[in-house]
Structure formats: structure tokens, C-alpha cells
Amino acid sequence: MSLTRQNIIDQLAQVRVLPILVADDVEQAIRCVTTLAENGLPAVEITLRTPNALNVLRGVVSACPGVTVGAGTILTAAQLDAVKEAGAAFGISPGITPALAKAAAESGLPYFPGTGGASDVMLSLEHGFDVVKLFPSDVVGSTKMAKALGGPFPDVRFCLTGGVTLESTPVLLQQPNVLCVGGSWMCPANLIQAGDWAAIAQLAAAAAKAAGAGKSGNQ
């Protein structure tokens, strides 16, 4: 059964940290996602940044039915169609264009556009998207930008990605309109290539703990 947009939002509100995985090998990706899930991170974004990304996405979706697997770096309507066909539970983009926003609104796939300021948020809202990515978060102002945008857009919630670290996670999650943060620090390419799943397990568990700290501080 497909997850609804609200199902995805509810899960992101619960886990608070979304691992962003860049992988080109299906078996390594499956092992990595399984390790993340076993250590408290049961949702993941697989980016379309590698030549084999769609096969990786299909493989992880098939092998990890208990994990909410989304697709990131969606730049075009064609890519949106491709990740939906591959079984992605949701899609994320680094930015937003009128054409992509229209296609996403019509696709039925739960979708989170990227924003960098007020105009992007306005375009997102025009197409029904009130949960958006703020990217690159560290460049555009992080929680300062999220707080500032909360004035004119009180119902919009943000996923901060770009420059997020383990250390900054609890602090970022204190901002009330920040739904979650995303990053690749718990699944870096060098550890995946080395097959160091124990190290990835430790990083995932630490990220989950940091998310819990941020959550408790935001009650």
C-alpha cells in the first residue's frame, strides 16, 4: 500500500533525521539502508546523483519493505515519473520550477520541493506544497531563514539540508517550524565503499539520539 503525503510527513516528524544516500551499487545500498533502519533511521532519501541511481532505488525498495524510501535530486518531470515507477515513497528536489511543481502536483507522488527564500515558498504553496526543503540550508541562513519565513508563512514547515552535522542537529530541531533535517554524514561514501557497516551503525545511532534530543527540546 502506498504511503500518503501525510503518512510521510508524520514519519518525518517522528524520526526528525533523514539520511541522504549517494550510492551506485545496489547491494551496498541495501546493506547501508538496512543498517540505518536497524539503528533508528527507518526513512531514507536516495539521490539521483549516480548513473545507477534508479536501479539502486528499485533494489532498496524491493529489499527493504519496512523502510520509507524516497528519491532526491529530482530536477525534471521525467525524473519524477521515473522514481515513481521505481517505487519511491516520496520525492524531493533541491529547488522548484513552475513546470516541475505542476508535474509533481499532478503526479500523486508525495513530494517536497526545494526552497531558498520567500519566492520559492510562494511558488510551492501555489501548487499545494506546505512542507518544503530549505537548501542549501547553511548558505541561506539555516534556522534564521526558517524563523524569518515563519512570519509570512506560518503554516509552512521545513526540512533543512546542506551543511547539517551531528552536532548541529539538536539545535536546528529546536526551531518550531523545522520538521526535520537531512544529511549524508551518517552514510558517507568512504564507509560504504569500505563496507564498514559497524561504523555506519554507530553514526546512525548517534544521529537518532541527536534527533531525540532535538525532539525533547521542542516539546
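What you are looking at is a predicted structure, and each value in this text was computed from that prediction instead of being measured.

Asker: Describe the overall build of the protein, listing the residues and the values that go with them.
Answerer: Along the backbone of the protein there are eleven helices and nine strands. Viewed in the frame of its principal axes, the protein has a C-alpha envelope of about 45 × 40 × 30 Å. The buried share of the protein, reckoned over its 219 residues, is 50%. For the protein, the proportion of contacts with a sequence separation of at least 24, taken over those separated by at least 6, is 64%. As displayed, the protein has an accessible area near 9300 Å², and 56% of this comes from carbon and sulfur atoms. Within the protein, the 16 negative side-chain charges are centred at a point lying 6 Å from the centre of the 13 positive side-chain charges.

Asker: Could you give an account of unusual backbone geometry, naming the residues involved and the relevant values?
Answerer: The linkage connecting F135 with the following residue, P136, adopts the cis geometry, with an omega of -15°. Note on placement: P136 falls in the loop between β7 (131–134) and α7 (137–140). Of note in this structure, R16 is not a glycine but carries a positive phi near 65°. Counting through the fold element by element, R16 comes out in the loop between α1 (5–15) and β1 (17–21). By relative accessible area, R16 is classed as buried at 4%. Of note in this structure, S142 is not a glycine but carries a positive phi near 55°. Structurally, S142 can be placed in helix α8 (residues 142–149).

Asker: Tell me about helix α5 (residues 98–107), and please be specific about residues and values.
Answerer: A turn of α-helix holds 3.6 residues, and therefore any two residues three or four places apart point the same way. Inspection of α5 places L100, A101, A103, A104 and S107 among the buried residues, and these make up the whole buried set. The buried residues of α5 occupy one face: seen down the axis, they fall within an arc of 165°. Away from its buried face by more than 90 degrees, α5 exposes P98, A99 and E106. Buried residues along α5 sit in contact with α4 (77–85) and β5 (111–112). After α5 finishes, the residue G108 shows a positive phi value of roughly 85°.

Asker: If you had to explain the packing of aromatic side chains to someone new, which residues and values would you point to?
Answerer: What characterises a pair of aromatic rings is the spacing of the ring centres plus the angle enclosed by the ring planes. This model, assessed by the stated rule, comprises two aromatic pairs. Ring centres of F90 and F112 lie 6.1 Å apart, and the angle between their planes is 70°; this geometry places the pair in the edge-to-face category. Of the two residues, F90 is situated in strand β4 (residues 90–92) and F112 in strand β5; the sequence distance between them amounts to 22 residues. Residues F90 and F112 agree in their burial class; the two are buried. Pairing Y111 with F129 gives two aromatic rings, centres 5.2 Å apart and planes at 70°, and the pair type is edge-to-face. Highlighted residues: Y111 in strand β5 and F129 in the loop between α6 (118–126) and β7, separated in sequence by 18 residues.

Asker: An account of the side chain of S107 is needed here, citing residue identities and associated values.
Answerer: Tracing the backbone through its elements, the reader meets S107 in helix α5. Here S107 falls in the buried class, since its relative accessible area comes to 14%. Side-chain polar atoms of S107 contact the backbone nitrogen of L109, separated by 3.0 Å. With residues up to four places along the chain from it excluded, the contact list for S107 reads L80 and K84.

Asker: Tell me about the nonpolar core, and please be specific about residues and values.
Answerer: L21, L36, V60 and F158 are the most contacted members of the largest nonpolar core, which has 57 residues in total. Each residue touching L36, except ones within four places of it in the same chain, is listed here: P19, L41, V44, M186, C187, I200 and A204. The next biggest cluster of nonpolar side chains, apart from the first, holds 13 residues, and it includes I8, I9, I92 and C159.

Conventions used here
- Residues numbered from 1 in each chain as written.
- Predicted model: local features only at pLDDT ≥ 70, side-chain atom pairs only at ≥ 80, totals over all residues.
- Heavy atoms only, no water.
- Helix = DSSP H or I, 4+ residues; strand = E, 2+ residues; numbered from the N terminus.
- Buried < 20%, exposed > 50% of the residue type's maximum accessible area, 1.4 Å probe, protein only.
- Contact = heavy atoms within 4.5 Å.
- Areas by Shrake-Rupley, 256 points an atom, 1.4 Å probe, with all protein chains shown as cover.
- Lys, Arg positive; Asp, Glu negative; His and termini not counted.
- Charge placed at Lys NZ, Arg CZ, Asp CG, Glu CD.
- Arc of directions from axis to C-beta.
- Phe/Tyr/Trp six-rings, centres within 6.5 Å; stacked < 30°, edge-to-face > 60°.
- Polar contact = N/O pair within 3.5 Å; in protein donor to acceptor, adjacent residues only side chain to side chain.
- Core = buried A, V, L, I, M, F, W, Y, C linked by side-chain atoms within 4.5 Å.

None of this, on its own, says anything about what the molecule does.
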